[in-house]
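An overview of the molecular structure
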Amino acid sequence: MTQTDPRRLIPRTDALLALPDVAGARKRLGDTAIRAVVRAVQDRARRGELAPDAVAAAVVAAVSAARPTSLRPVLNATGIVVHTNLGRAPLSGPAVDALVAAGGYVDVELDLGAGVRSKRGVAARTALLDACPAAEDALIVNNGAAALVLATTALAAGREVVVSRGELIEIGAGFRLPDLIASTGARLREVGATNRTHLRDYADAIGPDTGCVLKVHPSNFRIEGFTSAVGLPELRELIAAQGVPLIADLGSGLLAPDPLLPDEPDAGTSLGAGADVVTFSGDKLLGGPQAGVALGRETAIARMARHPLARAVRADKLTLAALEATVRSASVPVTEALHADPAHLRARAEALAAAVGAEVVAHDGRVGGGGAPGVPLPGWAVRLPESAARRLRTGDPAVLPRVNDGACLVDLRCVPATDDGRVLAAVRAALAGGQDR
Ligand SMILES: *Cc1c(COP(=O)(O)O)cnc(C)c1O
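- For the chain, an unreviewed UniProt entry supplies the name L-seryl-tRNA(Sec) selenium transferase and the organism Mycolicibacterium chubuense.
- Check the Catalytic activity (unreviewed entry) section of the UniProt entry for the chain; it says "L-seryl-tRNA(Sec) + selenophosphate + H(+) = L-selenocysteinyl-tRNA(Sec) + phosphate".
- Word for word, the UniProt comment on the chain under Cofactor (unreviewed entry) is "pyridoxal 5'-phosphate".

Dropping the structure here:
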């Protein structure tokens, strides 16, 4: 470096950290994050990408743009409603408000009137029981897998879990339900064949060693052809005399039937058909936060709540708050996206396409999240060149389109209509970026 080297003029770290806007951001971002921002801007100046006298302003701008979390909000333009890679269900406005309010101290385990400790999460439990009158009691845990493991562990208590070979599923990312259940020490007693299981298969397996009978909804695949399975009413009748509990893992979490998804089981119907306990996820079709819900008979739920494992899979206050608000809402984003009117979707797609000179194509959305495999949700998408996809993903806001058959498809089903303008701006930017690269 010479005496005239402009790099000598780059403001020093101390001076930059002392700028009022930078010092003021310390509480929000923390020292390490702020120093990283400062260093990155200084490095740009050292490489000659930034004039030394522009460094201070660039640091202030970068600090005010920096966020304390690196998770980036994404506009979901895939048409896949419960998108696992995007965190499954987006929360409703009221659920977000409830979650934010629960961020501080809340009466999650306190009776404010009496001034004494209360049962944790009563309000969320009451909301579930109001929404599903067939259930006598409810327990909320961390996720669907935890609800299932707790149910089998607490109710089968070291004895056998009888389950059909057609229901030994892998739920994603390599996690297999049979392994999960076996990991807690329960013994699996597999019955039937992959494609067909009969009532007599269950009858032959049930005996003094039986802890529970488990029905798992094969949520993420379909077997077609020569198949048969035994329904809950038949199983209930078979085991009625033995007092063996019947557990149904529903997966997706409908509380009541949805005519759009005739093959998805729901909690109310399954309990009415004889299940003692049903378990499901909070962040699939229910449209709430990540959670596992168990609904069912009072005695069975009480055994689960008393089991030591219950403490290890307990739901936090944020989950309880968001779940209660979700269940109490008249409508949630997942339900709205599932039931979106195709004519309305088409009009929105056409407006977007017209603004950027693209065409609209028919495009089926999906339930996703391992739910309702093979059920198409008829809709529309704006067809863009495939090269737009990466620019949409990496733009601001980030937009995730679907890439299929050499095209980038923008499906507005899961985008709130109030965000159409943001999608348009992102698409414009992505298409403009295409000319100079
Ligand atoms: C999704 C699913 C689970 C697991 O639920 P998580 O909330 O992901 O833990 C278990 N069983 C079935 C049938 C599922 O579809």
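1. Some thoughts on the overall build of the chain
- Counting secondary structure elements, the chain contains 19 helices and 17 strands.
- Judged by the C-alpha coordinates and their principal axes, the chain covers about 95 × 60 × 40 Å.
- Taking all 437 residues of the chain together, the buried fraction comes to 45%.
- In the chain, the proportion of contacts linking residues at least 24 apart, taken out of those at least 6 apart, comes to 72%.
- Counting only carbon and sulfur atoms, one obtains 54% of the accessible surface of the chain, whose full area is about 21,400 Å².

2. Remarks on the domain arrangement of the chain
- Parsing the chain into structural domains produces domain 1 (6-65), domain 2 (74-84 + 336-432) and domain 3 (91-329).
- Distance from the C-alpha centre of domain 1 to the C-alpha centre of domain 3: 51 Å.

3. What about the nonpolar core?
- Counting 36 residues, the largest nonpolar core has Val-213, Val-278, Phe-280 and Leu-295 as its most contacted members.
- Once residues lying within four places of it in the same chain are set aside, the contact partners of Phe-280 are Gly-144, Leu-250, Gly-251, Ser-252, Gly-253, Leu-255, Ala-267, Leu-286, Ala-291, Gly-292, Val-293 and Leu-295.

4. Quick notes on the packing of helix α8 (residues 144-156) against helix α13 (residues 298-306)
- In the contact formed by α8 and α13, the axes pass within 9 Å of each other and the chain directions differ by 100 degrees. When the axis of α8 is compared with that of α13, the two are roughly perpendicular. Residues Ala-147, Leu-150, Ala-151, Ala-154 and Leu-155 of α8 form the contact with α13, whose own contacting residues are Ala-300, Arg-303 and Met-304.

5. Considering helix α7 (residues 122-131)
- Buried within α7 are the following residues: Ala-124, Ala-127, Leu-128 and Leu-129.
- Structurally, α7 contributes buried residues whose contacts are with β5 (137-141), β13 (292-296) and α15 (317-328).

6. Things to note about the sheet that holds strand β2 (residues 80-82)
- Strand order in the open sheet made by the six strands is β1-β16-β17-β15-β14-β2, with mixed pairing throughout. Strand pairing shows two members of the sheet lacking a second neighbour, β1 (74-77) and β2, which therefore form its edges. In this sheet, neighbouring strand axes are inclined to one another by 40 degrees on average, regardless of whether the strands run parallel or antiparallel.
- Where β1 lies against strand β16 (residues 398-404), four bridges are found, and the strand directions are parallel. From the neighbouring strand, Asn-76 faces β16, where its bridge partner is Leu-400.
- Against the sheet, helix α17 (residues 342-356) contacts β14 (359-368), β15 (377-385) and β17 (407-410), and its axis sits at roughly 5 degrees relative to β15.
- With respect to the sheet, helix α19 (residues 420-433) is in contact with β1, β15, β16 and β17, its orientation differing from that of β15 by roughly 35 degrees.

7. Section: the UniProt feature "modified residue: N6-(pyridoxal phosphate)lysine" (unreviewed entry) in the chain
- The positions UniProt marks with the feature "modified residue: N6-(pyridoxal phosphate)lysine" (unreviewed entry) are Lys-284.
- Assignment of secondary structure puts Lys-284 in the loop between β12 (277-281) and β13.
- Taking relative accessible area as the criterion, Lys-284 reaches 11% and is therefore assigned buried.
- Setting aside chain neighbours within four positions, we find Lys-284 in contact with Val-82, Arg-88, Ala-89, Gly-251, Ser-252, Val-334 and Gly-369.

8. A word on the site of the ligand
- Near the ligand, the surroundings consist of 13 residues, among which Ala-145, Ser-219, Asp-249, Ser-281 and Lys-284 are the closest.
- Within the backbone of Gly-144, a nitrogen or oxygen atom sits 2.8 Å from an oxygen atom of the ligand.
- Ser-281 places a side-chain nitrogen or oxygen 2.7 Å from an oxygen atom of the ligand.
- Bound to the protein, the ligand loses 93% of the 380 Å² it would expose on its own.
- When residues of the shell around the ligand are traced back to their parent elements, those giving at least two are α8 and β11 (246-251).
- Of the residues that constitute the shell around the ligand, the class distribution is four nonpolar, six polar and three charged.

9. What about the UniProt feature "domain: L-seryl-tRNA selenium transferase N-terminal" (unreviewed entry) in the chain?
- Per the UniProt record, "domain: L-seryl-tRNA selenium transferase N-terminal" (unreviewed entry) is annotated on residues 7-46.
- For residues 7-46, the end-to-end C-alpha separation is 6 Å, with 78% helix and 0% strand making up the annotated structure.

10. Points about the environment of Pro-262
- You can see Pro-262 is positioned in the loop between β11 and α12 (267-272).
- When the C-alpha positions of Pro-262 and Val-427 are compared, they lie 36 Å apart, and in sequence the two are 165 residues distant.

11. Regarding the packing of aromatic side chains
- Within this structure, the stated rule accounts for zero aromatic pairs.
- The ring of Trp-380 carries Arg-346 above its face, with NZ or CZ at 4.1 Å from the centroid.

12. As for unusual backbone geometry
- Backbone torsion omega between Asp-396 and Pro-397 reads 5 degrees, so that peptide bond is classified as cis.
- Summarising the element assignment, Pro-397 is placed in the loop between α18 (388-394) and β16.
- Its identity as a non-glycine residue notwithstanding, Asp-405 has a phi of 55 degrees, on the positive side.
- One can find Asp-405 in the loop between β16 and β17.

13. Topic: the packing of α17 against α19
- Contact geometry for α17 and α19: axes closest at 10 Å, N-to-C directions at 35 degrees. Seen along the crossing, α17 lies across α19 with a hand that is right-handed. Residues Arg-348, Leu-352, Ala-355 and Val-356 of α17 lie in contact with α19, whose contacting residues are Asp-420, Val-423, Leu-424, Val-427, Arg-428 and Leu-431.
- Residues that form the contact of α17 with α19 fall into these classes: seven nonpolar, no polar and three charged.

Criteria and thresholds
Residues numbered from 1 in each chain as written. Predicted model: local features only at pLDDT ≥ 70, side-chain atom pairs only at ≥ 80, totals over all residues. Heavy atoms only, no water. UniProt positions renumbered as here; feature names shortened; annotations may be inferred. Helix = DSSP H or I, 4+ residues; strand = E, 2+ residues; numbered from the N terminus. Buried < 20%, exposed > 50% of the residue type's maximum accessible area, 1.4 Å probe, protein only. Contact = heavy atoms within 4.5 Å. Areas by Shrake-Rupley, 256 points an atom, 1.4 Å probe, with all protein chains shown as cover. Domains from an automatic or database assignment. Core = buried A, V, L, I, M, F, W, Y, C linked by side-chain atoms within 4.5 Å. Axes fitted to C-alpha atoms, helices over the stretch in contact; angles between N-to-C directions. Parallel < 35°, antiparallel > 145°, perpendicular 65-115°, else oblique. Pairing = 2+ DSSP bridges. Near = heavy atom within 4 Å. Polar contact = N/O pair within 3.5 Å; in protein donor to acceptor, adjacent residues only side chain to side chain. Nonpolar A, V, L, I, M, F, W, Y, C, P; charged D, E, K, R; others polar. Phe/Tyr/Trp six-rings, centres within 6.5 Å; stacked < 30°, edge-to-face > 60°. Lys NZ or Arg CZ within 6 Å of the ring centre and 35° of its normal. Left-handed = near helix turned anticlockwise from the far one by under 90°.

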